[in-house]
Amino acid sequence: MLPCMSKKMTGMDCPGCGIQRSISHIMKGELIDAFFMYPGIYPMFILFVFLTFDWFFKINHGEKIKLTLAVLTIGTILINYVIKLIF
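Small disclaimer: the values here were computed from a predicted structure and weren't measured.

**Q** Mind showing me how you'd approach the environment of Pro-15 here?
**A** Secondary-structure assignment places Pro-15 in the loop between α1 (5-10) and α2 (19-27). According to the relative accessible area criterion, Pro-15 is partly exposed, its value standing at 35%. Distance from Pro-15 to Met-37, taken between C-alpha atoms, is 12 Å for residues 22 residues apart in sequence. In this structure Pro-15 touches Tyr-38, Ile-77 and Tyr-81, once residues within four positions along its chain are discounted.

Written out as structure tokens, the structure is:
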């Protein structure tokens, strides 16, 4: 796995720390472990699937759905990051 440069330089996790290992768990079929490694992986996956689908097909209220999914993804990542910092 690639090392986190932010963690190497500052000694602190970054908001993206754990995503590589989470994807590795998904590839192995360990879906629960992937969630515990990086909880933002599933909202991010849903967002990317929706963005890809929206690129090819016109979806009613697509902009609102994209905004909602983006806020959910960013919120999950930031909440996870704050929890990691506290504990």
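**Q** I keep staring at the environment of Ile-46 and nothing clicks. Help me out?
**A** By the element assignment, Ile-46 lies in helix α4 (residues 41-56). Ile-46 gets classed as partly exposed once you look at its relative accessible area, which sits at 45%. Placed 24 residues apart in sequence, Ile-46 and Ala-70 show a C-alpha to C-alpha distance of 9.7 Å.

**Q** How should the packing of α2 against α4 be read in this particular structure?
**A** Think of two packed helices as two axes; the pair is described by the angle between the axes and how far apart they sit. As a packed pair, α2 and α4 sit with axes 11 Å apart at the nearest point and diverge in direction by 75 degrees. The orientation of α2 relative to α4 falls into the category roughly perpendicular. From α2, Ile-19, Ser-22, Ile-23 and Ile-26 reach across to α4, where they touch Ile-41, Tyr-42 and Met-44. Classifying every residue of the contact of α2 with α4 by side-chain character gives 6 nonpolar, 1 polar and no charged.

Reading the values: the criteria
In this numbering scheme, every chain counts its residues from 1 along its sequence in written order. Thresholds applied to this predicted model are a pLDDT of at least 70 for local features of residues and 80 or more for the giving and counting of side-chain atom pairs; totals over whole chains, interfaces and linings are not thresholded and use all residues. Remark: hydrogens and water are excluded; side-chain values derive from all non-hydrogen atoms of the structure. Secondary structure elements are defined from DSSP: runs of H or I of at least 4 residues count as helices, runs of E of at least 2 residues count as strands, and each element is numbered from the N terminus. Three labels apply to residues, based on accessible area from a 1.4 Å probe with only protein chains included: buried if under 20% of the type maximum, exposed if over 50%, partly exposed otherwise in between. The contact criterion used throughout is that any non-hydrogen atoms of two residues lie within 4.5 Å. Helix axes use the C-alpha atoms of the stretch in contact, all axes being lines fitted to C-alpha atoms, and the angles between their N-to-C directions lie in the range 0 to 180 degrees. Should an angle lie under 35 degrees it is considered roughly parallel, over 145 roughly antiparallel, and from 65 to 115 roughly perpendicular; all remaining angles are considered oblique. Under this grouping Gly is polar, as are all residues other than the nonpolar Ala, Val, Leu, Ile, Met, Phe, Trp, Tyr, Cys and Pro and the charged Asp, Glu, Lys and Arg.

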